[in-house]
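These are the residues of each chain, in order.
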Amino acid sequence: MGEKPQPAGFSGDAEQEEGEGSAGGAGPGGAEMSRQIILPLAGYNLKLTLHYSWLLSAALLVAVPFFMEPSLMDRRQTAKLGELLISLIGLIVYPYLGLLEDGGIGEVLYAKRIRPHPVFLFRWLLTVLFIFLAVTALFTWVHGGGAEFELWPMIGGTVITAVAIGTAGTTAALLTGNISAGYIAGFAWYLLDFTTKGKLTGHFYLFGLLRSEWDHDKWLLAGLSLALALFCACWLPRRRLD
């Protein structure tokens, strides 16, 4: 019986990794070897991270301009658009990351070279970048169309809300092994704050831009998102393929 394959981009036994890492980093050829490993790995994980949910999110954002007139929008109306609607793209694109390695992928090309933690964080940050670029493109168009609001606080607040909802969904999906639980958990947080106006979540209220131009509690929300991402990165090696 041969050894069962592990998820692509994930580590095998820790001792062997440490030995290989030391050997690869020693000598003048270490940097070149690192580039030969990291660049293909980044491209490979980029292809894995790209998902039909990204297309769904993009379609949502493309459809928005057909139902609005930017010149008639003020700051509060734009905040409602960003935090109550656009932020949901985080819930669309994130939860599946927690189960990306399930389903018998089976490639072992990088299995004994790279630990799972940076691989997961790379995928998480790549998704943050996608959300940031998508939100920036939409709000730049809205601002250019005559809407009256401060551009960068609106972009930053919306991106943080989207990432927080999505990362909470990723965490739930990872812990339960069920992607539906991820969508439910993320939307439950959204619905709780929508109905209670932050009375139960306090400083971690999702929709702070509805109250003011910039909510400093957004930094706490961003910190919570990062903490959840780090937790997922540490927990993910426990979910090995059967």
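Going by the structure above, here's the rest.
As a starting point, this report considers the structure included with it. (Residues numbered from 1 in each chain as written. Predicted model: local features only at pLDDT ≥ 70, side-chain atom pairs only at ≥ 80, totals over all residues. Heavy atoms only, no water.)

On to the overall build of the chain. Across its full length, the chain holds 9 helices and 0 strands. Along the chain direction, N to C, the helices and strands of the chain fall in the order α-α-α-α-α-α-α-α-α. In the chain, which comprises 242 residues, the share counted as buried stands at 45%. Residue pairs at least 24 apart in sequence account for 80% of intrachain contacts in the chain once pairs closer than 6 positions are excluded. (Helix = DSSP H or I, 4+ residues; strand = E, 2+ residues; numbered from the N terminus. Buried < 20%, exposed > 50% of the residue type's maximum accessible area, 1.4 Å probe, protein only. Contact = heavy atoms within 4.5 Å.)

As a further point, take the pattern of salt bridges. Any two side chains of opposite charge can pair, so long as their charged atoms come close to each other. All told, the structure shown has 1 salt bridge when counted by the stated rule. A salt bridge links Glu83 to Lys218, with the shortest nitrogen-to-oxygen separation between them at 2.4 Å. Placement of the pair is Glu83 in helix 4 (residues 75-86) and Lys218 in helix 9 (residues 218-235), with a sequence separation of 135 residues. For Lys218, a relative accessible area of 0% puts it in the buried group. (Salt bridge = Lys/Arg side-chain N within 4 Å of Asp/Glu carboxyl O.)

Take the side chain of Ser225 next. Along the polypeptide, Ser225 turns up in helix 9. A polar side-chain atom of Ser225 sits 3.0 Å from the main-chain carbonyl oxygen of Leu221. Among all residues touching Ser225, those that are not within four sequence positions of it are Trp124, Ile160, Val163, Ala164 and Thr167. (Polar contact = N/O pair within 3.5 Å; in protein donor to acceptor, adjacent residues only side chain to side chain.)

Closest axis-to-axis distance for the helix 4/helix 7 (residues 151-176) pair is 9 Å, and the angle between their directions is 25°. Taken together, the axis directions place helix 4 and helix 7 in an arrangement best described as roughly parallel. Considering only the axes of helix 4 and helix 7, their crossing is right-handed. Contact residues: Arg75, Thr78, Ala79, Gly82, Glu83 and Ile86 in helix 4; Met154, Gly157, Thr158 and Thr161 in helix 7. Split into classes, the residues belonging to the contact of helix 4 with helix 7 amount to 3 nonpolar, 5 polar and 2 charged. (Axes fitted to C-alpha atoms, helices over the stretch in contact; angles between N-to-C directions. Parallel < 35°, antiparallel > 145°, perpendicular 65-115°, else oblique. Left-handed = near helix turned anticlockwise from the far one by under 90°. Nonpolar A, V, L, I, M, F, W, Y, C, P; charged D, E, K, R; others polar.)

Further remarks concern the packing of aromatic side chains. The description of an aromatic ring pair rests on the distance of the ring centres and on the angle between the ring planes. Under the definition given, this model contains 8 aromatic pairs. Between the aromatic rings of Phe231 and Trp235, the centroid separation amounts to 5.8 Å while the plane-to-plane angle is 25°, which identifies the pairing as stacked. Taken as a pair, Phe231 and Trp235 lie in helix 9 at a separation of 4 residues, close to a single helical turn. Using a relative accessible area of 35% as the deciding quantity, one classes Phe231 as partly exposed. (Phe/Tyr/Trp six-rings, centres within 6.5 Å; stacked < 30°, edge-to-face > 60°.)

One non-glycine residue with positive phi stands out, namely Lys197, at about 60°. Considering the arrangement of structural elements, one finds Lys197 in the loop between helix 8 (179-196) and helix 9.

Turning our eyes to something else, we now look at helix 3 (residues 52-63). The end-to-end C-alpha distance of helix 3 is 17 Å, a good match for the 16 Å that 12 residues give at a rise of 1.5 Å each. All of the buried residues in helix 3 are Ser53, Trp54, Ser57 and Leu61. Projected down its long axis, helix 3 carries its buried residues within an arc of 105°, all on one side. Relative to its buried face, helix 3 has exposed residues pointing more than 90 degrees away, namely Tyr52, Leu55 and Val62. (Expected span 1.5 Å × (residues − 1). Arc of directions from axis to C-beta.)

This part takes up a nonpolar patch on the surface. Among the surface-exposed residues, Leu129, Phe132, Leu133 and Trp152 lie close enough to one another that they form a single nonpolar patch of about 420 Å² accessible area. Sorting elements by how many residues they give to the nonpolar patch places helix 6 (residues 116-144) first, with 3 residues. Relative to the assigned elements, Leu133 resides in helix 6. (Patch = residues over 30% accessible without salt bridge, like charges linked within 9 Å, V, L, I, M, F, W, Y side chains within 5 Å. Areas by Shrake-Rupley, 256 points an atom, 1.4 Å probe, with all protein chains shown as cover.)

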